Each structure stands twice: as structure tokens, then as C-alpha cells.
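Letter by letter, the chains look like this.
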Amino acid sequence: EDIANSFSSNLADLLEVPIFNFNTPAIEEMGYQGIQSGSLPVEPPYGPPEVNPTWGTTLVGYMKGFLMFNVNTIGTKEQAGKICKSLNNRTDIRARPIVLDDSGSVIISCEIVDPSTCTMYDVMESVKEMAALQSVAVIGSHIVGSVTLSALMAAADAYIKRENVFLVKEQQKIRYVVDRLGLNSVSEFKADSKVVEYVLGVNRHGPLMTGSVHSFIESIGGMTSSPGGGSVAALVSTLAVALGQMTGWLTYGSKKGAGDAMRNILPALHKTVDKLTPLVDADAMAFSNYLAAQRLPQQSADDVERREEALEEAVLTIVHVPLKIMEVASECWDSLDKLVTSHNPSLKADLQVAVKCLETGIWCAYKTVVFNIGDVKSEEVRSELNTKAKVLLDKSEACATRLLATLDS
């Protein structure tokens, strides 16, 4: 809210335009013709009380999320209006009918104002249910503008649960929900240009993970200190979990009675891989930032103070990243424990390698934490981080020893 208010104030001052809060009914009902008249029915919270002749007026607001989701139907405007009326009983959605042409196509145009409580699955299935009561055909849907990955996954997960299918990978889920919602009915749904995180490059891998194995080895073996042990720890841990995934997939469907266990194990391992892989580049980036902080000028007292602050922040980061590797990797011990008791016997050696690699990756990350923790100024913080790392290391060693002994027996 504070950001929205600050933006409104600055925009009003800069452009001399009246700014209203989003969802101001008197302004929304004016339409373009009303705005052109130059008079405003209510006084704006920001800016002049008259319409700007070249800009008009602007509405600014904030919300947890916003999604324009349209469901396509074949029916009358009156039938669509009844559907919209029912949808509008909810407080997290605003729906209205839009007639496209004389062919009988009517859009149920939905503004989902809170995607955390109202998913595209909720809207589509509600429309289908109400449309069936009126013999109205539903012919797919489309998203106006962009959509967050979380909103897309929420709808996918709802269909997956309802239809009891087993999907783990993100791209599989996107393909599935695009089909279920009929998102290709108006134009092809291209995730790379529609999903916010994909457009912005959020959660995409850095150069180490997007390069080849050979280039990664060349980077590690180069004449620089970064990437180093932390990135190797992250990669070894990721490979361990990936081997666990392989064991799970090749057990699923091939060993009688193991299906339910694998349906629980595989999603957990997949999520861990997704969380571990960015840490390969994150560790290298953290150390590069530390080196950059060391090179900051020290010509004045202010320079020295800024450099010390930057160094302290950088040191904490190069400790926290390998500690994060330990935390994330340690999440897999329960899954590997279940795999040990239910895996396909022909994959025993692969599972043994997975267990040992996970222990090794966590050990490597621990050594990186311990080496750098001495540069942390606060004794209290040092003690807290050291204790946390030691607990994770001890758990890792105990789990690995027990699981390897079980596999060898």
C-alpha cells in the first residue's frame, strides 16, 4: 500500500494528472466518453481535480495478485450474465459477459483479484457447472496478459489431485493444465512469453549450470578461486539427489507395491533438485561479491566504513550459501531412507552412490562453512552458524552410515 501511495503521489506531481485508487466505481463507470468531458464526479486523492487534457486520469492500486482469465462460451449474453452473477458472489473475483460477434460466442471475462484464494481451476469448473445447467457450451479459455507460475501450478495441482494423475516436472504440469483449461483455444499458449517468471528469467540457471560438463570442469580447474568448493558441494549434492530420482522412477511401475511410496518420494526429490541447482552458481557469485568488496576503495573514513560493511555482508553470504546447501541436501535423507527399503534391487549400486554422494556433498559444504565462518565478526552469529552446520553434518554422517549398512546387508 505504501508503495502504491508513493507512486501515485510522484506520478501526480510529475504529470499533473489526477490519480484515483484502483476500484473507484465512480471513475470506472465514466468510460472514455465521460473522461473526455473534463469533469470528475469525485475528488482524486492525488493530483489536480480536473482531467488532464492529454493524459486523462489514472487508477493505481495494489493487491496480492491479479489475473485476467477469460472463459469462452457459446450461448447468449443473458446466459453468460447468469454465470457471472453467480461468480460475483465471491469476493475474490469480478466477472462480466462480453459478446464477441453474432456467432453466439460470449466471453466470461474474469478479474481474479486474489489468485491465492481463487484459482483458474475454480473459475473454469464453476463456469462449466453453471453452463451445463443452461446447456451452454464451454470452448476453452485464455489468459489476458501474463500469469505467474504459482497461479498456473495451483490450477495444475488441482486438476492433478482431482484426476489422480502423477506428474512431477514443471513443464509436464504446464502442458497438462494448458490442455485442461483449453488455453490454446484462442491462440497458442507460449509459456516463455506468458509466464512472468520465464519472461523475467527468474529462477533460471546461471552460467555454470547452463554450460556443458566440460566447461564446468574447465571453470573449476582454472586459475581462479571461484567457482570452488562450494559450487562443487552443490553439484555433488544435486547429482546425489538426481540418482535418487532415477532409482525412484525405475522402481515406479516395475516393483509391485512400490507405486504409492514412489508417488511420495519422487516429488520431494524433484523439489530438492530445483532448490539445489541454483546454489551451484549462487556460491560462485557469493565469492565473486566478496572479492569485489575487498577491492573497494579505502581513501577516506567513509570509504573504510562502507568497505567494512560490504565485507561483512559478503562474508555472511559466503557462509550462508554453503549452509543452505547443507540444509536443502539434508531434506533428502527421509526420501532416501524410504528408497532403501522399497527400491528395485537392480538399482542397488546407484542408490549406494546416491547416499555416499549426498554425504560427501554435505561434508564439502560443511568444510566451506567452517573455513569462512572465522571471518564473521559477531561471536554470537559465529556460534549459531557453527552449531547449525555441525548438527546437519552429524545427521548426514549418521544417516549415510545407517543406509549404507542396510544396503550392504
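Presented here is an overview of the structure given in this document. Predicted, not measured: the structure shown is a model, and the values here were computed from it.

What counts, and at which threshold
- Residues numbered from 1 in each chain as written.
- Predicted model: local features only at pLDDT ≥ 70, side-chain atom pairs only at ≥ 80, totals over all residues.
- Heavy atoms only, no water.
- Helix = DSSP H or I, 4+ residues; strand = E, 2+ residues; numbered from the N terminus.
- Rg over C-alpha atoms; globule rule 2.2 N^0.38 Å.
- Contact = heavy atoms within 4.5 Å.
- Areas by Shrake-Rupley, 256 points an atom, 1.4 Å probe, with all protein chains shown as cover.
- Lys, Arg positive; Asp, Glu negative; His and termini not counted.
- Charge placed at Lys NZ, Arg CZ, Asp CG, Glu CD.
- Salt bridge = Lys/Arg side-chain N within 4 Å of Asp/Glu carboxyl O.
- Buried < 20%, exposed > 50% of the residue type's maximum accessible area, 1.4 Å probe, protein only.
- Core = buried A, V, L, I, M, F, W, Y, C linked by side-chain atoms within 4.5 Å.
- Pairing = 2+ DSSP bridges.
- Axes fitted to C-alpha atoms, helices over the stretch in contact; angles between N-to-C directions.
- Polar contact = N/O pair within 3.5 Å; in protein donor to acceptor, adjacent residues only side chain to side chain.
- Phe/Tyr/Trp six-rings, centres within 6.5 Å; stacked < 30°, edge-to-face > 60°.

1. A few points about the overall build of the chain
Logical step 1: Looking only at helices and strands, one finds 17 helices and six strands in the chain.
Logical step 2: Taking 2.2 N^0.38 as the reference for a compact globule, 409 residues should give roughly 22 Å; the C-alpha atoms of the chain span a radius of gyration of 28 Å, well beyond that estimate.
Logical step 3: For the chain, the spread of C-alpha atoms along the principal axes amounts to about 75 × 70 × 35 Å.
Logical step 4: The contacts in the chain between residues at least 6 apart in sequence include a share of 73% that link residues at least 24 apart.
Logical step 5: In the structure as shown, the chain presents an accessible area of about 22000 Å², 54% of it carried by carbon and sulfur atoms.
Logical step 6: Across the chain, the mean location of the 36 positive side-chain charges is 9 Å away from that of the 49 negative side-chain charges.

2. Examining the pattern of salt bridges
Pairs may arise between side chains of opposite charge once their charged atoms sit close together.
Logical step 1: With the rule as written, the count across this model stands at 16 salt bridges.
Logical step 2: Taking the shortest distance from any N to any O, the salt bridge between Arg 180 and Glu 163 comes out at 2.9 Å. One end of the pair, Arg 180, is in helix α7 (residues 170-181); the other, Glu 163, is in helix α6 (residues 149-163), with 17 residues separating them in the sequence.
Logical step 3: Accessibility expressed as a relative area gives 27% for Glu 163, which makes it partly exposed.
Logical step 4: A salt bridge links Glu 308 to Arg 307; the nearest nitrogen and oxygen atoms lie 3.8 Å apart.

3. Considerations on the nonpolar core
Buried together is how nonpolar side chains tend to be arranged in soluble globular proteins.
Logical step 1: Formed by 56 residues in total, the largest nonpolar core has its most connected members in Met 326, Trp 333, Leu 336, Val 355 and Leu 358.
Logical step 2: Among the elements of the structure, α12 (229-251), α13 (259-294), α14 (301-330), α15 (333-342), α16 (348-373) and α17 (379-408) are those that each provide at least two residues to this core.
Logical step 3: With 12 residues, the top contributor of residues to this core is α13.
Logical step 4: Within the second largest apolar cluster, 43 residues are counted, among which are Cys 84, Leu 87, Met 124 and Met 153.

4. Quick word on the sheet that holds strand β5 (residues 105-112)
Logical step 1: Strand order in the open sheet made by the four strands is β4-β5-β3-β6, with antiparallel pairing throughout. Every interior strand has two partners, whereas the edge strands, β4 (93-99) and β6 (137-144), have only one. For this sheet, the mean inter-axis angle between neighbouring strands, taken without regard to orientation, is 20°.
Logical step 2: In terms of strand pairing, strand β3 (residues 67-74) meets β5 through eight bridges, oriented antiparallel. Its bridge partner being in β5, Met 68 is matched across the sheet by Glu 111.
Logical step 3: Of the strands in this sheet, β3, β4, β5 and β6 touch helix α5 (residues 120-133), which is tilted by about 20° from β3.

5. Examining the side chain of Arg 307
Logical step 1: You can see Arg 307 is positioned in helix α14.
Logical step 2: Here the side chain of Arg 307 touches Gln 294 through a polar contact of 3.2 Å, landing on its backbone oxygen.

6. Side note on the packing of aromatic side chains
Logical step 1: Scanning the model with the defined rule gives five aromatic pairs in all.
Logical step 2: Pairing Trp 249 with Tyr 252 gives two aromatic rings, centres 6.3 Å apart and planes at 85°, and the pair type is edge-to-face.
Logical step 3: A centroid spacing of 6.0 Å and a plane angle of 40° characterise the contact between Phe 287 and Tyr 290, whose relative ring orientation is tilted. One end of the pair is Phe 287 and the other is Tyr 290, both in helix α13 and three residues apart, which spans about a single turn.
Logical step 4: Among the aromatic residues, those joined into a cluster by ring pairs are Phe 166, Trp 249 and Tyr 252.

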